[in-house]
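# Examining the three-dimensional arrangement
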Amino acid sequence: MAANEKFGPMRKGLLEFLILKVIDADRVYVADILRKLADTEFATQEGTLYPLLSRMRRDGLVDYDWKESDSGPPRKYYALTASGQAQLADLVAYWRLINKTIEDLGA
Amino acid sequence: MRAVNTISLNGNAWQIESEGCEELAAYLKSAEVRLAGDPDREEILADLEQAIADKLARHVSAHKNVVSAEEIALALKEMGPVEAGSAAAEPGAPTGAATPEETPRAQAGPGPNGNPGVRHLFQIREGAMLSGVCNGLAAYFGIDVTLVRVIFVVFAVLTGGIGAAVYLIMMIVVPVAVTAEQMAAAHGKPFNAEELIGRPPAAYASGRHWRQQWRDQHRMWRHQRREWRRQRRAWHAFGGATAGPPPPPPYGGPAGGILHVLLLIAFLVALVHAAAGRPVFGWDWAADVPHWVGIVAVCVIYGTLAQQIRVARYYGQVGVYHPGHALVALMGTVVWLLVLVCVGWYVVHHWPEVQDFLQRALQALQTAFDDKQGGTVRT
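Below, the structure is looked at part by part. (Residues numbered from 1 in each chain as written. Chains lettered and ligands numbered in written order. Predicted model: local features only at pLDDT ≥ 70, side-chain atom pairs only at ≥ 80, totals over all residues. Heavy atoms only, no water.)

### A few points about the sheet that holds strand 1 (residues 4-9) of chain B
Residue and element names in this part refer to chain B. One open sheet accounts for three strands, arranged 1-2-3; its pairing is mixed. Every interior strand has two partners, whereas the edge strands, strand 1 and strand 3 (66-67), have only one. By the bridge criterion, two bridges tie strand 2 (residues 12-17) to strand 3 in an arrangement that is parallel. Looking at the pairing, Gln15 lines up with Val66 of strand 3. (Pairing = 2+ DSSP bridges. Helix = DSSP H or I, 4+ residues; strand = E, 2+ residues; numbered from the N terminus.)

### Side note on the packing of aromatic side chains
Residue and element names in this part refer to chain A. Within the structure shown, the criterion is met by seven aromatic pairs over all chains. Ring centres of Tyr64 and Tyr78 lie 5.6 Å apart, and the angle between their planes is 65°; this geometry places the pair in the edge-to-face category. Highlighted residues: Tyr64 in strand 1 (residues 62-67) and Tyr78 in strand 2 (residues 75-80), separated in sequence by 14 residues. On the basis of relative accessibility, which here comes to 3%, the residue Tyr78 falls in the buried class. (Phe/Tyr/Trp six-rings, centres within 6.5 Å; stacked < 30°, edge-to-face > 60°. Buried < 20%, exposed > 50% of the residue type's maximum accessible area, 1.4 Å probe, protein only.)

### Here we look at the pattern of salt bridges
Enumeration over the complete set of coordinates arrives at 19 salt bridges over all chains. Across the pair Glu43(B) and Arg57(A) runs a salt bridge, and its minimum N-O distance is 3.6 Å. With one member in each of two chains, Glu43(B) in helix 2 (residues 41-57) and Arg57(A) in helix 3 (residues 46-58) form a pair that bridges those chains. Linking Arg2(B) and Glu17(B) is a salt bridge whose minimum nitrogen-to-oxygen distance equals 2.8 Å. You can see Arg2(B) sitting in the segment before strand 1 and its partner Glu17(B) sitting in strand 2, a full 15 residues away along the chain. Note on Glu17(B): relative accessible area 12%, which makes it buried. In the salt-bridge network here, residues are joined through shared partners; they are Arg57(A), Arg58(A), Lys76(A), Asp38(B), Asp40(B), Glu43(B) and Asp47(B). (Salt bridge = Lys/Arg side-chain N within 4 Å of Asp/Glu carboxyl O.)

### With respect to the packing of helix 1 (residues 18-34) of chain B against helix 3 (residues 69-79) of chain B
All names here are of chain B. Viewed as axis vectors pointing N to C, helix 1 and helix 3 meet at an angle of 20°, and their least axial separation amounts to 8 Å. Viewed along their axes, helix 1 and helix 3 adopt a mutual orientation that is roughly parallel. Crossing angle aside, the handedness with which helix 1 passes helix 3 is left-handed. Residues Glu19, Gly20, Glu23, Leu24 and Tyr27 of helix 1 pack against Ala69, Ile72, Ala73, Leu76 and Met79 of helix 3. Of the residues that constitute the contact of helix 1 with helix 3, the class distribution is seven nonpolar, one polar and two charged. (Axes fitted to C-alpha atoms, helices over the stretch in contact; angles between N-to-C directions. Parallel < 35°, antiparallel > 145°, perpendicular 65-115°, else oblique. Left-handed = near helix turned anticlockwise from the far one by under 90°. Contact = heavy atoms within 4.5 Å. Nonpolar A, V, L, I, M, F, W, Y, C, P; charged D, E, K, R; others polar.)

This is how it looks when you write it as structure tokens:
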């Protein structure tokens, strides 16, 4: 298995983490999230994002408010819940740990 | 001109070209299937519809209120395939999210109608020459449509019109594939959402490509005919207006037309005789050569002669303006006819040798064919 074939599952697992980070940084609606991720290796599409956000909401990590927009219908603006923030903190801590392990093992 | 349907996306009406509509419906249908079991399915579907609507809004304005099929395809490509986001859908797996490039379309299980389809014979109008009978047969047997058409034409010629009658009967008897489900059955493909998503653009593209070629060809023919008519008119006007010496009459003209018709009649008579194995113009060939050689020979001779007359007539008209071209064409035609006459003379006077050659050629063909068959059986 070539290395880049192993990236797929890694990205897949990290996408939720990244979305928590994006939502934590700012109040965003789906198009904002897509735009922020578009230039990264985590570029994603509505077809993936809507179902994922829906599940994250069911898990109690995020919630949304309806907000009127200047153009078009009202939009769902997402924000982290308390448990979402707690999980993000856990994830960030764990990510640092992994990074540190990788660095320490050298190469 | 393209047909337009009006549909509702998350409570707002949109006017969309029919082909785009089908594609959109297939996408939403597939989303519904993928999200089966998701407690928030209705909400996600509404979100998806709204997201599509937002993308389509970029393409409409006060002066353009219809969304084209291409714009739909673009919007759906941007949307990406719908992935079930629920961890419950894939127990034990990490989150169901994926970046677009590693989203295998076939990953989701078969849809509700996912049983690999039983094939049915339908007429397929998309990309059809006449009624889509050959198209349907090709789909049914899973072979190239051109091959089916060639077989059909050869069959029709050899059976003297019975093939054409068969086509007519099939045209009336065989149902036409209208719905996507029937289309799937015609190809024997399972009718599920993943299949559907892939199919409409592909079928549309190939159909359009084929139609485009057909239209180009027609446009070329029309243009050519118009050019000829213009030249003929110009020549008449020129002839009528001048009091000076009249231009030389084109050596094609009406005489060429009569010659062509006579040749066609002779050809048809010869063909009927050859097909029936009767002597052609007093020559009892049937005793000496195989049946099919006679038919092929008659067709080849007619084709060659008719081509010469066509060329002669065309340059006969052009010749008024370009005497040089006409002269070259005339020389070409004369040389061709001379060659034909020589070949004919040789065949008649050296018949045994020709017969011998034909037989040896046939034998060589037979041997080659047998070898090939033997090879296939052995492997």
